[in-house]
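Each chain is listed here by its residues.
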Amino acid sequence: MQLKDIKDPKDIKTLSIKELESLSQEIRHFLVDSISKTGGHLASNLGAVELSIALHYVFESPKDQFIFDVGHQSYTHKILTGRASQFETLRQHQGLSGYINYQESIHDVWESGHAGTAVSALHGVLKAKQLKQEAGTAIALVGDGSITSGMSFEALNLLGSDPSLKGIVILNDNNMSISKNVGALSKVLTLLRGNRFLMKLRNGIARITPNLLVRVYRRFKRMIKAFFQSGNVFEELGYVYIGPIDGNDLKTVIKTLKQAQKMKKSVVIHAVTEKGKGYEVAATDNDGKFHGVGSFDKSTGNPTKINHHGMTSFSEVISTAMIAYQHIQKTFVVMPAMLVGTKFEKFYQQFPDRLIDVGIAEEHAATMASALSRNGIQVFLPLYATFSQRAYDQIMNDIARSDTKVIFGIDRAGFVGDDGSTHQGLYDVSMFYSMPNVVITMPYDAKEAFDLLHYGFSQSHPFVIRYPRLETPFDSNHLPSFDPITLSWPILSEGIAQVWISYGPGLDLLQKAKSTLHIDARIINARFIRPMDLTTLKEALDLNVPVFVYEEAFGSGTLYHHILDYMAKEGYHQKIRNMSVKDIIHHGSRTHNQMDAKMDLTALMEALKDL
Ligand SMILES: Cc1ncc(C[n+]2csc(CCOP(=O)(O)OP(=O)(O)O)c2C)c(N)n1
Ligand SMILES: CC(=O)[C@@H](O)[C@H](O)COP(=O)(O)O
Ligand SMILES: [Mg+2]
């Protein structure tokens, strides 16, 4: 069967185990080939092939709802639900989303993107089915990284306590988050996982043993455990625990899912899989390099994307600045699971006692950071803008309200492109502006990044340095110095016909627009988004000309809104505009909740023409 011929999951129900096994190999080859061209989440998807095939073989989507935690490992599910032919557009503008996406398929029943939501969604779906007396069940596929997230514990605790609801949690345990998994639960899973050879031996014996005998054995084992009260964490929470099973062995997985389907109680199936299975360089990668990849050479695994000489990511600039800053002042990094993406591996290698990876636990990270700071530690907390939303209350209540000094490295701030709507960094400006005491900044270049980092550690308030998923000129052999920086807004180019205000990468776009449109605009770098530089702002507003604020930020508390507020209070009546969602959607990105576009010059110039 050609993958592109699969239009509906029912198409695989008639296949034999042998045919399903060859289908899994075909899918693996397809994934490596396709992702080598487009980029995407490679290792996670290679490990989840058999689990996804077995789910569609045993259950009936969408009557039975499949809930993928994060959703980055749902490519096989997409292939089996008729989307193989769209993979050449993976994670591209108006192309196939890299995650579960409601608008793509009736089989995509839970958009996540943010880890740790699947068991809560499972609980919700099961309760809804119960209230509506609706047929079907629900199965959550949760990775060993995502299961350690606080939300997962909240949901496991509640679902396990409700005997009237029966759901299935497949714990996809590949012993990896993006990089190595962390925490006590990860250790418990390692113990439960035991020796891989013994697991395969047990599974092998179970495969040839009649079902009845296997069921009797497992029931007897559960009785003995219950008698001696020696259940594992999942059994103690009220689940039937099945495992560890070989999650890459189709026959075993199908047999186990059928068993779980018959059970009356909620079940946790502990499926051990190999992250990157079937592609050697990914399967042997312990550093998370093959978790999310750009295009690569299949024969070597090496990236094909040319790296631009003399340029580097803002993430690398900030982590390099943090390494250099250790010579000025010792600091401590609380890292919520994004060591690779934030480029802090080098920092960790050089200063292993000055960084803790807390795993997928942004809430814990924020509150722990506050307590560290209140006990005299200089804390740096790197958070992707989108994932910082997870810790709103902890940042608000434990840091901002109490005016506690924590330096936030808000990475992926602005449009992120590839990852689409669940990962856009568009709400952190409004989020932090809604909190008291927080200083909000965005460097235009590496020099400002170094100076803002130094300024942040030298002052006493919660301090945000936000930076985009973009590159900037940087020479790692000649690092910028750490110099004093004022709260002023530099004027990047004089002009008196219009006033254009932005920060970070928006300034480059404005400068390009000025040279293209030949408008005599004054371009102002609002690198301190809060507090605003009212002297420079007042001088500009006194020109009494139209004002344009460009920022990749939405919500009701962006810089634009605060300038609007100032103008109203001070009696300025000239026209003011910003880049609205409408402008961006008009320029080709899909609906707002699927926004996957990077702002482009065309959209900006259109908006400026209306000024
Ligand atoms: C709240 C949140 N924090 C961080 C991330 C980034 N992230 C995406 S996948 C992932 C690792 C997930 O590990 P696991 O659940 O074990 O899945 P695997 O990729 O190993 O299959 C992380 C940290 C996220 N998506 N959501
Ligand atoms: C699935 C997930 O949330 C992460 O893997 C995310 O895709 C990383 O994004 P970057 O590629 O920007 O680091
Ligand atoms: Mg994992």
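Structure's up top.
Fair warning: this is a prediction, and the values are worked out from it, not measured in the lab. (Residues numbered from 1 in each chain as written. Chains lettered and ligands numbered in written order. Predicted model: local features only at pLDDT ≥ 70, side-chain atom pairs only at ≥ 80, totals over all residues. Heavy atoms only, no water.)

Topic: the pairing of strand 11 (residues 379-384)
Among the six residues of strand 11, six are classified as buried, and the element is accordingly described as predominantly covered. Residues V379, L381 and L383 point to one face of strand 11 and F380, P382 and Y384 to the other, with burial holding for every one of them. Where strand 9 (residues 332-335) lies against strand 11, two bridges are found, and the strand directions are parallel. Each bridged residue has a counterpart across the sheet, and for V333 the counterpart in strand 11 is F380. (Buried < 20%, exposed > 50% of the residue type's maximum accessible area, 1.4 Å probe, protein only. Helix = DSSP H or I, 4+ residues; strand = E, 2+ residues; numbered from the N terminus. Pairing = 2+ DSSP bridges.)

As for the sheet that holds strand 17 (residues 498-502)
Pairing is mixed in the open sheet, where five strands are placed in the order 16-18-17-20-21. Bordering the open sheet on either side are strand 16 (491-493) and strand 21 (576-578), each of which pairs with just one other strand. Across the sheet, the axes of successive neighbouring strands diverge by a mean angle of 25 degrees, strand direction being ignored. Here strand 17 pairs with strand 18 (residues 521-525) via five bridges, running parallel. Residue pairing in the sheet places V499 in a bridge with R522 of strand 18. With respect to the sheet, helix 21 (residues 534-541) is in contact with strand 16, strand 17, strand 18 and strand 20 (547-550), its orientation differing from that of strand 18 by roughly 170 degrees. (Axes fitted to C-alpha atoms, helices over the stretch in contact; angles between N-to-C directions. Contact = heavy atoms within 4.5 Å.)

With respect to the site of ligand 1
In the region of ligand 1, 23 residues are neighbours, and S44, H72, G145, S146 and E362 sit closest. At 2.8 Å from a nitrogen atom of ligand 1 is found a main-chain nitrogen or oxygen belonging to A115. Contacts to ligand 1 include K275, whose side-chain N or O atom sits 2.9 Å from an oxygen atom. Coverage of ligand 1 by the protein amounts to 98% of the 580 Å² it exposes when considered alone. Class assignment for the residues of the shell around ligand 1 results in eight nonpolar, 11 polar and four charged. Residues lining the shell around ligand 1 come from more than one domain, with at least three contributed by each of domain 1 (3-293) and domain 2 (311-473). (Near = heavy atom within 4 Å. Polar contact = N/O pair within 3.5 Å; in protein donor to acceptor, adjacent residues only side chain to side chain. Areas by Shrake-Rupley, 256 points an atom, 1.4 Å probe, with all protein chains shown as cover. Nonpolar A, V, L, I, M, F, W, Y, C, P; charged D, E, K, R; others polar. Domains from an automatic or database assignment.)

Regarding the site of ligand 2
With respect to spatial proximity, the complete set of residues near ligand 2 consists of H41, V70, H72, Y99, I178, H291, Y384, F387, R412, D419, H423 and R469. Measuring from an oxygen atom of ligand 2, one finds a side-chain N or O atom of H423 at 2.7 Å. The contact in question runs from an oxygen atom of ligand 2 to an N or O atom on the side chain of R469, over 2.7 Å. Protein contacts shield 88% of the accessible area of ligand 2, which totals 350 Å² for the unbound molecule. Two domains each donate at least three residues to the shell around ligand 2, and these are domain 1 (3-293) and domain 2 (311-473).

What to know about the nonpolar core
F380, F408, F432, W489, I501, L559 and I563 are the most contacted members of the largest nonpolar core, which totals 87 residues. Residue contributions to this core peak at eight residues, all from helix 13 (residues 314-325). Taken together, domain 2 (311-473) and domain 3 (491-610) each give at least three residues to this core, which thus spans both. Leave out the neighbours within four places in its chain, and F408 touches F380, L381, L383, I395, I399, F432, P462, F463, V464 and I465. Counting 53 residues, the second largest nonpolar core, distinct from the first, contains V49, F87, L257 and A260. (Core = buried A, V, L, I, M, F, W, Y, C linked by side-chain atoms within 4.5 Å.)

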